[in-house]
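A structural walkthrough
Here is how the chains run, residue by residue.
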Amino acid sequence: MLLKWWYASQLLLFDFHVIFSDPDIAWIRDPFATWDESFDLQGLSDIRSVNLTVQKHHEITCMRAWMDNMYEHSRRSIYPCMSTGLWYMRNTLPSRAFLQGLYGYLEKRPNEWEQKAFQLIVMRYLVGIGDELPPLRYRLLPTNLFLNIEFFEERKERGMGTQDTVATHCGYLKACSDHLLPAARYLKACSDHLLPAACYLK
């Protein structure tokens, strides 16, 4: 997992922007068409919510309890609960600084889960440092476009719509047998629209 952050940092050094996608991400639409380039970094939400709602004091609950317990030391801890399996990153000074910081942190802690480390490190770069380093412009991707497969059926049941879905994360299905059938229906319905990976190379 350390290697992907190294490759991302090298690509930015060569003036590339980066879209990272795990193998279990199903792309339904062109990922470039909805790329909001006003943000330096944006990634898939792992918050247990179909529409990124937050609780009192801007608290959140990750979609799996073990994630929630791992990320926080108390309910007031600040962490975005983002999946590192799908993210967009523009080649900017804050992005390069963040990648350098995250890679340096993980290099010294090779046994730490990189997604846990991400939650900690990304928050540090949201604060600018004088005129030397602007704050990282960062957000979770909108769930009407990017979501985990568990929430696909739930959005439909609530009448929230799934027709604009760009990508969905199909992970953890082996551990969530109840979601296998909805996932299968979803991918079958979208199979005509799946674009070959080559389309995403720019």
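Before reading on, note that the structure itself is shown above.
In this report, the structure presented in the accompanying data block is examined.

Rules used in this analysis
- Residues numbered from 1 in each chain as written.
- Predicted model: local features only at pLDDT ≥ 70, side-chain atom pairs only at ≥ 80, totals over all residues.
- Heavy atoms only, no water.
- Pairing = 2+ DSSP bridges.
- Helix = DSSP H or I, 4+ residues; strand = E, 2+ residues; numbered from the N terminus.
- Axes fitted to C-alpha atoms, helices over the stretch in contact; angles between N-to-C directions.
- Contact = heavy atoms within 4.5 Å.
- Parallel < 35°, antiparallel > 145°, perpendicular 65-115°, else oblique.
- Left-handed = near helix turned anticlockwise from the far one by under 90°.
- Nonpolar A, V, L, I, M, F, W, Y, C, P; charged D, E, K, R; others polar.

Moving on, we get to the sheet that holds strand β4 (residues 82-89). In spatial order, the strands read β1-β4-β3-β5; together these four strands make up an open sheet with mixed pairing. At either margin of the open sheet sits one strand with a lone partner, and together these are β1 (18-21) and β5 (138-140). Ignoring which end each strand starts from, the neighbouring axes of this sheet average 25° apart. Against the sheet, helix α4 (residues 114-124) contacts β3 (41-45), β4 and β5, and its axis sits at roughly 60° relative to β4.

Glancing now at the sheet that holds strand β6 (residues 146-148). What the three strands build is an open sheet, ordered β2-β7-β6; its pairing is mixed. The sheet is open, and its two edges are formed by β2 (25-27) and β6, each paired on a single side. Adjacent strand axes in the sheet meet at a mean angle of 20° when their direction is disregarded. In the sheet, β2 pairs with strand β7 (residues 167-169) via three bridges, with the strands oriented antiparallel. Within β7, the residue paired with Ile25 across the bridge is His169.

Interhelical geometry of helix α1 (residues 2-13) versus helix α3 (residues 93-108) gives an angle of 150° and a closest axis separation of 9 Å. In terms of orientation, α1 lies roughly antiparallel with respect to α3. The chirality of how α1 crosses α3 is left-handed. Contacts between α1 and α3 involve Leu2, Trp5, Trp6, Ala8, Ser9, Leu12 and Leu13 on the former and, on the latter, Ser95, Arg96, Leu99, Leu102, Tyr103, Leu106 and Glu107. When the residues that make up the contact of α1 with α3 are grouped by side-chain class, the tally is ten nonpolar, two polar and two charged.

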